[in-house]
Amino acid sequence: MSQFDRAAHFDRAALRDAVSKRTQSAIDDLCALVRHESLLGTEASAQGWISDKFAAMGLDVKRVKIDIDALRDQPGFSPPVIDGYDGRENVVGLHRPKNPTGKSLILNGHMDVVPTGPAEQWRHGPFTPHVEDDWIYGRGAGDMKAGIIAYCQALQALHDIGLEPAAPVTLQSVIEEECTGNGALACLHAGYKADCAIIPEPFNQTLMTAQLGVMWFQIHVSGSPAHVLDTSAGSNAIESAFGFFETLKEVEEIWNHPTHRHAAFGAHVHPVNFNLGKIEGGEWASTVPPVCTADIRVGFYPGMELEKVRETVEAVKQSALDNHPSCKGAKIDITYRGFQAEGCEMDINHPMMSMIGDIHQEVTGNEIKNLASTATTDARFFQIYGNIPATCYGPKAERIHGIDERVSIASMMEVTEVLALFIADWCGVQKRAS
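This one's a predicted model, so the numbers in the text were calculated from it and none came from an experiment.

Undergrad: Just to check I follow, could you spell out the overall build of the chain for this structure?
TA: Of the regular secondary structure elements, the chain holds 11 helices and 20 strands. Overall, the C-alpha framework of the chain stretches about 80 × 45 × 45 Å when taken along its three principal axes. By the burial criterion, 55% of the 434 residues in the chain qualify as buried. Accessible surface, the chain as shown: approximately 18000 Å² in total, 48% of it carbon and sulfur. One way to put it: in the chain the 36 positive side-chain charges average out to a point 4 Å from where the 56 negative ones average out.

As structure tokens, then:
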């Protein structure tokens, strides 16, 4: 049993049965939501869909704008990677009982999805969801629209048996989790607080106990053009970009060494990953390329300060210019934009964590496994900047960020069941207002 009193204020079997009866509704909702192409900058249609969903659930729906001028000096802010937030808003659904008791809760999810890759490589279109056996396919099906549907269906299952949470519950659908986190930051800045927060990220029903920090930056390399009949007369900017990244990878190796590794990631073979994610340069096949830009992602451990990570990146630049043969004669400028995200740890003994673990075992029959995530999530905003205990617990998904992304229906429904029981146990329940 958890540290909270689980007096029988509701029929647990009835609630679990109500979730089971919502399986087809959950499938239909997820397929409908996947059809909305919520890529970076085009989230409005999907956010409109979830706004209507929240309203149909009887929630008070609010729109939260991302005001860059208001957020720029806030801890946790990341410089945007595209211009403009007009028409791009978070959607919040509020359940506020008249006489609240129990503990309040935020259920957060991100509506934005990553690019699809070559659409022709998908068995069906990336935004043409289809169901096959236990799987729902489509970009964002797993990461993380299934989690958003799960928390909606969990609350609706309570409604189905005539109950509602006795404490405030806030449902958040945010944007830009995949590149800045400024959506979640805007909600925090707008004053949305609770006694804990859960994000149903697709981590295979594990309990997240830590996450790495992530930093994005872009290098701008200038070389010297020359005819390829004498390449030594020029400086190849593209080769210089690769020279910089080769030097940077030496830091990755150091940070992954067991003597450097953070204790929370001791079980990982290779927790820190650097990625050369995008490169563009040159102007003519027979000309030594004079310019190149490259977008790079680095991971780092909780407790490592952002400024110290940037100092390391700048030191790598100087080392590459001084020592790497491909960087001879080049100029490298660095711009930090996108994720400037600190890592964080969770208190595994917090009552929220214990309760999720207890309910997971109740639903699945298995002891929950802990996860130290080698990615970042919006949990950092609650955990570090909001003084709100937070974690991730979500369904099994495969090939997220890849071709034919898919999520397990059975797992999505188990997560829904866990969330429904958690809402009831954490918040308490009361008869639903007519």
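Undergrad: Teacher, can you tell me more about the pattern of salt bridges here?
TA: A side chain of one charge can pair with a side chain of the opposite charge if their charged atoms are brought near each other. Summed over the entire model, instances satisfying the criterion amount to 20 salt bridges. Note that Asp160 is salt-bridged to Arg22, the shortest N-O span being 2.6 Å. On the criterion of sequence distance, the pair formed by Asp160 in helix α5 (residues 141–160) and Arg22 in the loop between α1 (12–20) and α2 (23–34) is long-range, its members being 138 residues apart. Residue class for Asp160 comes out partly exposed when judged on its relative accessible area of 42%. Among the ionic pairs, Arg310 bridges to Glu307, the shortest N-O distance being 3.3 Å. Of this pair, Arg310 and Glu307 are both found in helix α8 (residues 306–323), three residues apart, which corresponds to roughly one turn of the helix. Salt bridges here are not isolated pairs; linked through shared partners, they connect Arg12, Glu362 and Asp425.

Undergrad: How should the sheet that holds strand β4 (residues 130–132) be read in this particular structure?
TA: Consider a sheet: its strands pair through backbone hydrogen bonds, and that pairing is either parallel or antiparallel. The strand order β4-β5-β19-β18 describes an open sheet built from four strands, whose pairing is antiparallel. With partners counted over all chains shown, the strands left at the sheet margins are β4 and β18 (397–398), one partner each. Two strands pair when backbone bridges link them, and β4 and strand β5 (residues 135–137) are joined in this way by three bridges, in the antiparallel orientation. Across the sheet, His130 pairs through a bridge with Tyr137, a residue of β5. Across the sheet, helix α11 (residues 409–427) is in contact with β4, β5 and β19 (406–408); its angle to β19 comes to roughly 60°.

Undergrad: Looking at this model, I keep getting lost on helix α9 (residues 351–364). Mind explaining?
TA: The α-helix advances 3.6 residues per turn, and as a result positions three or four apart in sequence lie on the same side. When the terminal C-alpha atoms of α9 are compared, their 20 Å separation across 14 residues agrees well with the 20 Å that a helix rising 1.5 Å per residue should span. Within α9, burial applies to Met352, Met353, Met355, Ile356, Gly357, Ile359, His360, Val363 and Thr364. Of the surrounding secondary structure, the elements contacted by the buried residues of α9 are α1, β8 (197–199), β9 (207–211), β17 (390–392) and α11. Following α9 by one or two positions, Gly365 has its phi on the positive side, about 80°.

Undergrad: Looking at this structure, how should I read the sheet that holds β9?
TA: If you walk across this open sheet you meet the three strands as β15-β9-β16, and the pairing is mixed. This sheet does not close on itself; its edge strands, each paired only once, are β15 (344–345) and β16 (370–373). Summarising the sheet, β9 and β15 pair through two bridges and their orientation is antiparallel. Its bridge partner lying in β15, Gln211 is registered against Cys344.

Undergrad: Would you take a moment to explain the pairing of strand β10 (residues 213–222) for this structure?
TA: Within a regular strand, the side chains alternate between the two sheet faces. β10 sits mainly inside the fold: seven of its 10 residues count as buried. In the sheet, β10 pairs with strand β14 (residues 340–341) via two bridges, with the strands oriented antiparallel. Bridge assignment links Met215 to a residue of β14, and that residue is Gln340. Pairing analysis gives five bridges linking β10 to strand β13 (residues 331–335), with the strands arranged antiparallel. Bridge pairing in β13 places Val221 opposite Ile332.

Undergrad: It is not clear to me how the packing of aromatic side chains should be interpreted in this structure. Could you clarify?
TA: Aromatic rings in a pair are described by how distant their centres are and how their planes are angled relative to each other. If you walk through the whole model with that rule in mind, you get seven aromatic pairs. Taken together, a centroid distance of 5.2 Å and an interplanar angle of 80° make the contact between Trp216 and Phe339 edge-to-face. With a gap of 123 residues between them, Trp216 in strand β10 and Phe339 in the loop between β13 and β14 connect regions that are remote in the sequence. Given the relative accessible area of 5%, Phe339 is considered buried. Each ring, one from Phe422 and one from Trp426, has its centre 5.5 Å from the other, and the planes form 15°; the classification is stacked. One end of the pair, Phe422, and the other, Trp426, are both in helix α11, four residues apart, so they sit about a helical turn from each other.

Undergrad: It is not clear to me how the side chain of Thr376 should be interpreted in this structure. Could you clarify?
TA: By the secondary structure assignment, Thr376 is in the loop between β16 and α10 (379–385). For Thr376, a relative accessible area of 10% gives the class buried. At a separation of 3.3 Å, a polar atom in the side chain of Thr376 contacts the side chain of Gln211. Here Arg380 takes part through its side chain, which lies 3.0 Å from a polar atom of the side chain of Thr376.

Undergrad: Any chance you could explain the pairing of strand β3 (residues 105–110) here in plain terms?
TA: With six of six residues buried, β3 is to be regarded as a mostly interior element. Taking every second residue as pointing to the same face, both faces of β3 are buried, with Leu105, Leu107 and Gly109 on one and Ile106, Asn108 and His110 on the other. As paired elements, β3 and strand β7 (residues 169–174) share six bridges and run parallel to each other. Residue pairing for β7: Ile106 is matched across the bridge by Thr170. With two bridges joining them, β3 and β8 adopt parallel strand pairing. In the sheet register, Leu107 faces β8, and the bridge partner there is Ile198.

What counts, and where the lines are drawn
- Starting from 1, residues in each chain are numbered consecutively following that chain's sequence as written.
- In keeping with the predicted nature of the model, local features appear solely for residues at pLDDT of at least 70, side-chain atom pairs appear and are counted solely at 80 or more, and the whole-chain, interface and lining totals rest on all residues.
- Side-chain numbers here rest on the full set of heavy atoms in the structure, without hydrogens or water.
- Strands are runs of DSSP state E lasting at least two residues, helices are runs of H or I lasting at least four, and both sets are numbered from the N terminus onward.
- Burial classification: accessible surface area is computed with a 1.4 Å probe over protein chains only, and a residue below 20% of its type maximum counts as buried, one above 50% as exposed, and the rest as partly exposed.
- Working definition of accessibility: Shrake-Rupley area with a 1.4 Å probe, residue cover restricted to the visible protein chains.
- By the counting rule applied here, Lys and Arg register as positive and Asp and Glu as negative, while His and the ends of each chain are not counted.
- Charge positions come from single atoms, namely NZ of Lys, CZ of Arg, CG of Asp or CD of Glu.
- Put simply, a salt bridge is a Lys or Arg side-chain nitrogen that is within 4 Å of an Asp or Glu carboxyl oxygen.
- DSSP-based pairing: two strands are paired if at least 2 bridges between them are found.
- Contact criterion: two residues are considered in contact whenever any of their non-hydrogen atoms come within 4.5 Å of each other.
- Note on definitions: angles span 0 to 180 degrees between N-to-C directions of axes, and those axes are lines fitted to C-alpha atoms, for helices only across the stretch in contact.
- A helix's residues, less one, multiplied by 1.5 Å, set its expected span.
- Aromatic pairs are defined between Phe, Tyr and Trp rings, using the six-membered ring for Trp, whenever the two ring centres lie within 6.5 Å; interplanar angles under 30 degrees are classed as stacked, those over 60 as edge-to-face, and all others as tilted.
- Throughout this description, a polar contact denotes any pair of N or O atoms lying within 3.5 Å of each other; where both atoms belong to protein, one of them has to be capable of donating a hydrogen while the other can accept it, and for residues adjacent in sequence the pair is counted only when both atoms sit in side chains.

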